[in-house]
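Architecture and fold: a report
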Amino acid sequence: NAVTFLNGDYRTTGSGNWVSNNATPAIWERLTSGSWITSNSPNYATTNSVYIRNGHTITTNGSYGSTVKLIVNNGGVFNSNHTGTAGSILINDGGILQINASLTNNGLFEVKDNGVVNINFSFGTPATSIWKGVENFHPNSNLVIQNWDFSNDLLIPDNTSISTNIYNSYSACFGNVIIDAGTNSSNWTMMASGTNVNLAHGNLSFLSNSANINIASTGTVTTGIGADFIVDDLYTGTNVIQFKTSGTMNFTITGNMLLDAATVRVHAGSASGASTVLNIEGDLVLTPSSVLDFNPTVSGNATSTINLKGDLTGTGSGLLQNSNTSNMGIFNFVGTGDGLTPSTTQAIDIASTSSNENKNINFNIKNGAYVQLINRNFELGTNSKVTIENGGVFDFGFNGTNALNVTASGTSILQSFNVQSGGTIKITSSDGITNTASVGNVQTPVAGRTYNIDAIYHYIGKADQVSGNGLPDVASAKTVIVELLDDTIKFWATPTNSVKRFNSSGKLDIRSG
């Protein structure tokens, strides 16, 4: 955007320290009668605009300001190393403000897309200093927390101290928020009880820290971010990130949840009535060394829920689990799709990790969701369950021509599989679905298999396929669809000579085979 300069404005011609009203270093010009001329540096108490230009780094040499209007342009860096007060602050695209000392802003604090604000100072009372004015963080701006009064100060202390702004119909306080706190050893809670504003338009990224972080702790909190939740692979593995420790929370990730390291907990605590709901509108990806735990505390009081619209992927040693044996984690697939394209299919692709994988979790395929296994079997840990609800579709899928199955992980026990009335399973195993151990698409313990008499059984085998003895034979409203790879492939009901009955509401639909 075009800049309108005013007589009296200052701009840099090079890098160096800002010494009040001094000819040395000779790195300043001032607009005088419409022309830029060499000038002494701005007085620390100037009321004029000060522009830090491309390629120039300016570092304070003493306490400054009260009404200075600070503008950092693309490629410019302003190091605020001394106590300062600004009348306004503007960080343009590509500009960097490095805050290493107390800074009070009395007016507009605007950070445009790709502008960076690094906070490396323990403010104490940020609401009356750095957040004293009016904030406008554009959606792709960057707020980097390098140091903070972690023991005492929340990042979001209430719903009004930090201005919210609407971009692309989404309201939030900041653009991207990046936690890069290095060796900080103090635990930190980021958001206050009662918060109902969104944290960020963009990503919430965790790059480094040496203590635990709670997104929030007490009370009721409804918040979210407009893009991705990211834990970098260099984040300290021994420290945890917890969404909530008591009270209730509803946190929405508009993008993906990408966990490359450390342990993230949906909830952590046993307070009566406590609950955390984590909504993920994109994909959930766990890579080696990362852990996503519903709740590490064994208690029947607290509930933890994940609602996922995208894919579920776990690679290497990435671990999804619930350590709370007294209250199952709830994992709902809530996307809407028909399985015809990747964008209308929720894929499950979780590598075999350990006996702790996928334990104590109820996986629910909700109405309208189309969920498909890809690449490998879906291994359930101890006490876990898959339920296909009315209107939900579960496609066992293939890896090449090999049918994929729902199985038990290692020596874990007490898994179950339940297709409810109106739920659909797409059956890929040549053995169909059975009540026989280790045979067919469902290979959880036999006692835990439930095939509802009014469900939809859709056979899509790539080789000769049987129904399996799990297909209910009682007269019912079930629908059986046979849609094999081509008409050269055979299908028949088993056991041999068995009869599968339908009532007037049931249907046998042979499409191919």
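As a starting point, this report considers the structure included with it. (Residues numbered from 1 in each chain as written. Predicted model: local features only at pLDDT ≥ 70, side-chain atom pairs only at ≥ 80, totals over all residues. Heavy atoms only, no water.)

**Observations concerning the overall build of the chain**
The helix and strand tally for the chain stands at zero helices and 52 strands. Dimensions of the chain, computed from C-alpha atoms along their principal axes, come out at roughly 100 × 45 × 35 Å. Expressed as a percentage of the 513 residues in the chain, the buried residues total 53%. Considering only contacts in the chain between residues 6 or more positions apart, those separated by 24 or more positions represent 68%. Taken as two groups, the 22 positive and 32 negative side-chain charges of the chain have centres that lie 4 Å from each other. (Helix = DSSP H or I, 4+ residues; strand = E, 2+ residues; numbered from the N terminus. Buried < 20%, exposed > 50% of the residue type's maximum accessible area, 1.4 Å probe, protein only. Contact = heavy atoms within 4.5 Å. Lys, Arg positive; Asp, Glu negative; His and termini not counted. Charge placed at Lys NZ, Arg CZ, Asp CG, Glu CD.)

**Concerning the sheet that holds strand S30 (residues 291-293)**
An order of S19-S21-S24-S27-S30-S33 is seen for the six strands of this open sheet, with the pairing classed as parallel. With partners counted over all chains shown, the strands left at the sheet margins are strand S19 (188-191) and strand S33 (319-321), one partner each. On average, each strand axis in the sheet is inclined to that of its neighbour by 15°, with strand direction left out of account. Direction of pairing for strand S21 (residues 213-216) relative to strand S24 (residues 240-242): parallel, over a ladder of two bridges. Among the inter-strand pairings, Asn214 is bridged to a residue of S24, identified as Gln242. (Pairing = 2+ DSSP bridges. Axes fitted to C-alpha atoms, helices over the stretch in contact; angles between N-to-C directions.)

**Observations concerning the pairing of strand S34 (residues 329-333)**
Extensive coverage of S34 is indicated by the burial of four of its five residues. By the bridge criterion, four bridges tie strand S31 (residues 303-308) to S34 in an arrangement that is parallel. Bridge pairing in S34 links Asn307 to Asn332. One ladder, built from five bridges, connects S34 with strand S36 (residues 361-365); its direction is parallel. What sits directly across from Phe331, in S36, is Phe363.

**A closer look at the layout of surface pockets**
Estimates place the volume of the second largest pocket at around 150 Å³. Of all elements in the fold, only strand S50 (479-483) and strand S52 (507-512) reach the threshold of two or more residues within the lining of the second largest pocket. (1 Å grid on protein atoms, 1.4 Å probe; cavity = no way out; pocket = protein on both sides within 12 Å on 5 of 7 lines; lining within 4 Å. Points joined across faces, edges and corners; volume = space filled by probe spheres on them.)

**Brief notes about the sheet that holds strand S25 (residues 248-253)**
An order of S22-S25-S28-S31-S34-S36-S39-S44-S47 is seen for the nine strands of this open sheet, with the pairing classed as parallel. The sheet is open, and its two borders are formed by strand S22 (220-225) and strand S47 (449-451), each paired with just one other strand. Across the sheet, the mean angle separating the axes of adjacent strands is 10° when strand polarity is ignored.

**Observations regarding the packing of aromatic side chains**
Under the criterion given, the structure shown has 25 aromatic pairs. When the ring of Trp18 is compared with that of Tyr44, the centres are 5.3 Å apart and the planes differ by 75°; the resulting orientation is edge-to-face. Of the two residues, Trp18 sits in strand S2 (residues 16-18) while Tyr44 sits in the loop between strand S4 (35-38) and strand S5 (49-52), which places them 26 residues apart along the sequence. As far as burial versus exposure is concerned, Trp18 and Tyr44 are alike and both buried. With 6.1 Å between their ring centres and 85° between their planes, Phe206 and Tyr235 make a pair best called edge-to-face. Separated by 29 residues along the polypeptide, Phe206 in strand S20 (residues 204-208) and Tyr235 in the loop between strand S23 (229-231) and S24 bring together distant segments of the chain. For the pair shown, Phe206 and Tyr235 are each scored as buried. The rings of Phe206, Phe229, Tyr235, Phe243 and Phe251 are connected pair by pair, giving a single aromatic cluster. (Phe/Tyr/Trp six-rings, centres within 6.5 Å; stacked < 30°, edge-to-face > 60°.)

**Focus on unusual backbone geometry**
Each neighbour pair has its own omega, and for Thr24 with Pro25 the value is -5°, a cis peptide bond. By secondary structure assignment, the location of Pro25 is in the loop between S2 and strand S3 (28-32). Cis peptide bonds are those with omega within 30 degrees of zero, and the linkage from Thr494 to Pro495 qualifies with 0°. Although it is not a glycine, Ser169 adopts a positive phi angle of roughly 65°. Secondary-structure assignment places Ser169 in the loop between strand S16 (165-167) and strand S17 (170-172).

**Side note on the pattern of salt bridges**
Scanning the entire structure with this criterion turns up five salt bridges. For Lys366, the salt bridge goes to Glu389, with nearest N and O atoms at 3.0 Å. In this pair, Lys366 sits in the loop between S36 and strand S37 (370-373) while Glu389 sits in the loop between strand S39 (385-388) and strand S40 (393-395), placing the two residues 23 residues apart along the sequence. Residue Asp509 pairs with Arg511 through a salt bridge whose shortest N-O separation is 2.9 Å. (Salt bridge = Lys/Arg side-chain N within 4 Å of Asp/Glu carboxyl O.)

**Quick look at the environment of Val386**
With respect to the helices and strands, Val386 occurs in strand S39. As a C-alpha pair, Val386 and Ile361 span 25 residues in sequence and 8.7 Å in three-dimensional space. If near-sequence neighbours (up to four positions away) are discounted, Val386 is found in contact with Phe363, Phe378, Leu380, Phe394, Ser416, Phe417 and Asn418.

**Describing the environment of Ile179**
Locating Ile179 in the fold gives a position in strand S18 (residues 176-180). Judged by its relative accessible area of 0%, Ile179 falls in the buried class. Sequence-wise, Ile179 and Ser33 are 146 residues apart; in three dimensions their C-alpha atoms are separated by 46 Å.

**A short note on the nonpolar core**
Of all hydrophobic cores here, the largest spans 109 residues; its most connected members are Phe229 and Phe394. It is strand S7 (residues 64-72) that contributes the most residues to this core, four residues altogether. Among residues more than four places away in sequence, those in contact with Phe394 are Ile348, Ile365, Val371, Leu373, Val386, Ile388, Val406, Phe417, Thr424, Ile425 and Lys426. (Core = buried A, V, L, I, M, F, W, Y, C linked by side-chain atoms within 4.5 Å.)

**A few points about the pairing of strand S10 (residues 96-99)**
Of the pairings in the sheet, the one linking strand S8 (residues 77-80) to S10 comprises four bridges and is parallel in character. Note that in S10 the partner of Val77 across the bridge is Ile96. Note that S10 and strand S13 (residues 116-120) share four bridges and pair parallel. Of the residues in S13, the one forming a bridge with Ile96 is Val116.

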